[in-house]
Amino acid sequence: MKLRFLIFLIVSTVFAFLLAKHDVTHVGIETSRYSTVESVLERGTFAIDDSFFTTPDKCERNGHFYGDKPPLLTFCAIAWGRVLKCFGVRYLEGDYCRTVYLTGVLTFILSCFTGWFFYLGLMRRPRMPENYRIAMSVLSVVSTLVLSYAVTLNNHTVCAAVLMGLILLLERCEETGLTRLRAFLAGVLTGLILNLEFVTGGVLGIAVFIFVLTSVSPRRIENALMYAVGAGLMILLEAGMNMLSYGSPLPLYLFTHKPSFAEKNYLTYAFNILFGFEGFFLYMPALLFAGFACGSERMRHDRVFVYMMASTVAAIILYIVGTSDFGGWCYGYRFLIPFAPVLLYYIAIWFGRPRPRLKRWHLFRLALIWGVVFSIVGVMNPWNAGYEGSSTPKNALPNHFKNGFLANAFVFCWQVSPNSALTQFFMDRVYGREYAMLYLLMELNNRNDHAGLQRVMEQLRGDIEEAAGMPENAPE
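Report on the accompanying structure. For clarity, every value in this text was computed on a predicted model and none was experimentally measured.

For the protein chain, the count of helices and strands is 22 helices and two strands. Its C-alpha atoms give the protein chain a radius of gyration of 23 Å, within 12% of the compact-globule value 23 Å for 476 residues. Overall size of the protein chain, expressed as C-alpha extent along the three principal axes, is 85 × 60 × 50 Å. Per-residue burial for the protein chain yields a buried fraction of 55% across its 476 residues. Contacts spanning at least 24 positions in sequence make up 73% of the contacts within the protein chain whose residues lie at least 6 apart. Accessible area of the protein chain: about 21,500 Å², with a carbon and sulfur share of 66%. Averaging the locations of the 40 positively and 34 negatively charged side chains of the protein chain gives two centres separated by 15 Å.

A few words now on the state of the cysteines. Applying the stated rule across the entire model yields zero disulfides. Note on Cys294: no disulfide assigned, nearest cysteine sulfur contributed by Cys159 at a separation of 20 Å.

Attention now goes to the pairing of strand S2 (residues 64–67). In terms of strand pairing, strand S1 (residues 58–61) meets S2 through four bridges, oriented antiparallel. When the sheet's bridge partners are listed, Glu60 is paired in S2 with Phe65.

Now for a nonpolar patch on the surface. Together, Leu3, Leu6, Ile7, Ile10, Val11, Val14, Phe15 and Leu18 give the surface a local cluster of nonpolar side chains, amounting to about 760 Å² of exposed area. Within the secondary structure, Leu6 sits in helix H1 (residues 2–19). Residue class for Leu6 comes out partly exposed when judged on its relative accessible area of 45%.

Okay, the environment of Pro249 next. Tracing the chain through its elements places Pro249 in the loop between helix H10 (220–246) and helix H11 (253–256). In this structure, the C-alpha to C-alpha distance between Pro249 and Ala239, residues 10 residues apart in sequence, is 4.3 Å. Once residues lying within four places of it in the same chain are set aside, the contact partners of Pro249 are Ala239, Asn242 and Met243.

A complete count under the given rule lists 12 salt bridges for this structure. Taking the shortest distance from any N to any O, the salt bridge between Lys69 and Asp68 comes out at 3.9 Å. One salt-bridge network, in which partners are shared between bridges, spans Arg124, Arg125, Glu171, Glu175 and Asp302.

Attention now goes to helix H12 (residues 266–274). Taken as a whole, H12 has its buried residues at Tyr269, Ala270, Asn272, Ile273 and Leu274. Tucked into the core, H12 has its buried residues touching helix H13 (280–283) and helix H16 (303–322). Two or three places before Leu267, at the start of H12, stands the capping residue Asn265, its side-chain oxygen 3.1 Å from that residue's backbone nitrogen.

We now examine unusual backbone geometry. The phi dihedral of Phe326 falls on the positive side, at around 55°, and the residue is not glycine. Relative accessible area serves as the criterion here: at 5%, Phe326 is assigned to the buried category. Phi angles above zero are rare outside glycine, and Asn448 is one such case at about 60°. Tracing the backbone through its elements, the reader meets Asn448 in the loop between helix H21 (433–446) and helix H22 (450–467).

This paragraph deals with the environment of Asn131. Take Asn131: it is sitting in helix H5 (residues 130–142). Considering only alpha carbons, one finds Asn131 and Pro259, 128 residues apart in sequence, at a separation of 44 Å.

The next thing to look at is the packing of H21 against H22. Direction vectors running N to C along H21 and H22 enclose 155°, while the axes themselves pass 9 Å from each other. What the angle tells us is that H21 and H22 run roughly antiparallel. As for how H21 packs across H22, the hand of that crossing is left-handed. Taken together, the residues of H22 that come into contact with H21 (itself represented by Arg433, Met437, Leu440, Leu441, Leu444 and Asn445) are Gly452, Leu453, Val456, Met457, Gln459, Leu460 and Asp463. Of the residues that constitute the contact of H21 with H22, the class distribution is eight nonpolar, three polar and two charged.

Conventions adopted
- Residues numbered from 1 in each chain as written.
- Predicted model: local features only at pLDDT ≥ 70, side-chain atom pairs only at ≥ 80, totals over all residues.
- Heavy atoms only, no water.
- Helix = DSSP H or I, 4+ residues; strand = E, 2+ residues; numbered from the N terminus.
- Rg over C-alpha atoms; globule rule 2.2 N^0.38 Å.
- Buried < 20%, exposed > 50% of the residue type's maximum accessible area, 1.4 Å probe, protein only.
- Contact = heavy atoms within 4.5 Å.
- Areas by Shrake-Rupley, 256 points an atom, 1.4 Å probe, with all protein chains shown as cover.
- Lys, Arg positive; Asp, Glu negative; His and termini not counted.
- Charge placed at Lys NZ, Arg CZ, Asp CG, Glu CD.
- Disulfide = S-S within 2.5 Å.
- Pairing = 2+ DSSP bridges.
- Patch = residues over 30% accessible without salt bridge, like charges linked within 9 Å, V, L, I, M, F, W, Y side chains within 5 Å.
- Salt bridge = Lys/Arg side-chain N within 4 Å of Asp/Glu carboxyl O.
- Polar contact = N/O pair within 3.5 Å; in protein donor to acceptor, adjacent residues only side chain to side chain.
- Axes fitted to C-alpha atoms, helices over the stretch in contact; angles between N-to-C directions.
- Parallel < 35°, antiparallel > 145°, perpendicular 65-115°, else oblique.
- Left-handed = near helix turned anticlockwise from the far one by under 90°.
- Nonpolar A, V, L, I, M, F, W, Y, C, P; charged D, E, K, R; others polar.

Treat this as a map of the structure, not an account of what it does.
Have a look at this one:
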């Protein structure tokens with residue numbers, strides 16, 4: 001086991017250094033955290049007024065602006081930044097890209113623990129072939145949007161790793177008994193998830209509390225109290241970080257992000273975040289096979305499975321009801337990413353024992369390959385410019401760019417070969433040349449790709465001169 005863990009760390013680290021991003025997009029989800037980290041490390045303040053990161057995701061308090069993201073990941077990035085600073089790597093002394101890159105490396109490695117916990121869970125199923133365990137554990141990252149987002153500083157993929165760790169703990173409780181220590185650790189893990197994702201953590205917090213309270217242990221009340229203590233400490237941790245940051249225990253996120261209930265077609269919105277242009281299952285169709293696991297009587301006897309599936313459904317409903325922006329500028333519906341490895345985990349268990357029917361197995365493999373392709377395309381930029389539902393004005397350019405996969409694929413094709421048939425197909429048939437050129441300007445600016453912007457401007461100049469009938473080499 002020690003050798004396997006060492007191999008896991010080496011492989012994860014290698015891919016982290018290969019894939020982590022060197023720059024930050026203009027999307028507030030990234031810049032809100034980085035502006036706080038940079039302000040603390042370079043100026044000793046949580047106020048982001050003077051940060052060179054500009055972000056729309058901020059809140060004014062006592063005459064200053066502060067990043068509004070949940071603070072746990074920001075504080076971890078600050079601690080990591082202090083470590084890097086000890087080695088001479090700083091934001092303001094020419095090491096901006098290096099600091100962002102090394103922060104991305106750490107995030108990627110932490111996200112890859114999703115696969116390691118996935119593997120440990122499958123190890124409890126002795127009749128599974130070892131090759132199958134390894135393959136499915138790798139695919140829990142590579143065939144889901146965990147891979148796409150792990151290349152940047154984000155809370156979703158770290159949350160996925162913590163959630164898989166929680167499942168391991170609960171399974172151990174079912175196998176060998178729920179103790180007060182394990183109940184306390186379960187509370188700590190759900191509290192950490194709440195620090196990372198409010199909705200996901202809230203749903204899991206209630207579900208796991210009921211799980212502990214209804215266990216067969218004769219000390220159910222004591223265990224429930226220990227669980228509450230563990231979760232309460234994590235809630236106090238968040239309140240303390242908020243107090244240290246801007247003097248209030250309440251998260252700023254509550255003031256800047258309100259649930260959206262009106263002016264929304266719920267059925268259309270639900271379809272598009274699950275199956276449509278930003279569809280969770282469109283990007284990861286293999287997860288639909290969770291339906292077979294839910295229909296299995298053997299699986300329904302697993303209490304952890306029942307509670308995790310119920311939590312997943314509850315979170316989906318809450319996100320359908322309470323959001324309207326499709327996750328903002330992002331690749332796929334990002335809020336449900338922590339549940340993707342969970343669904344694949346139970347699918348892997350269902351397929352692994354007893355042996356599945358051959359036709360279903362082939363279809364499942366095709367769905368996994370689909371997920372791998374979509375996840376790799378997401379690595380190019382998980383924070384791509386696009387449609388934000390109610391947040392997008394009716395005549396705005398992002399209305400024409402709703403699918404993150406197609407948008408990323410178009411930008412990639414243009415960067416590799418702007419005159420290729422596939423690039424021209426995107427420009428002329430999918431988006432229209434005018435919209436396509438404007439989107440290139442928007443997205444390349446979002447990525448801080450200055451060389452790409454220069455190429456687009458040159459191409460636009462050539463198109464204008466051609467349309468005006470001017471010689472290509474005419475003086476300006």
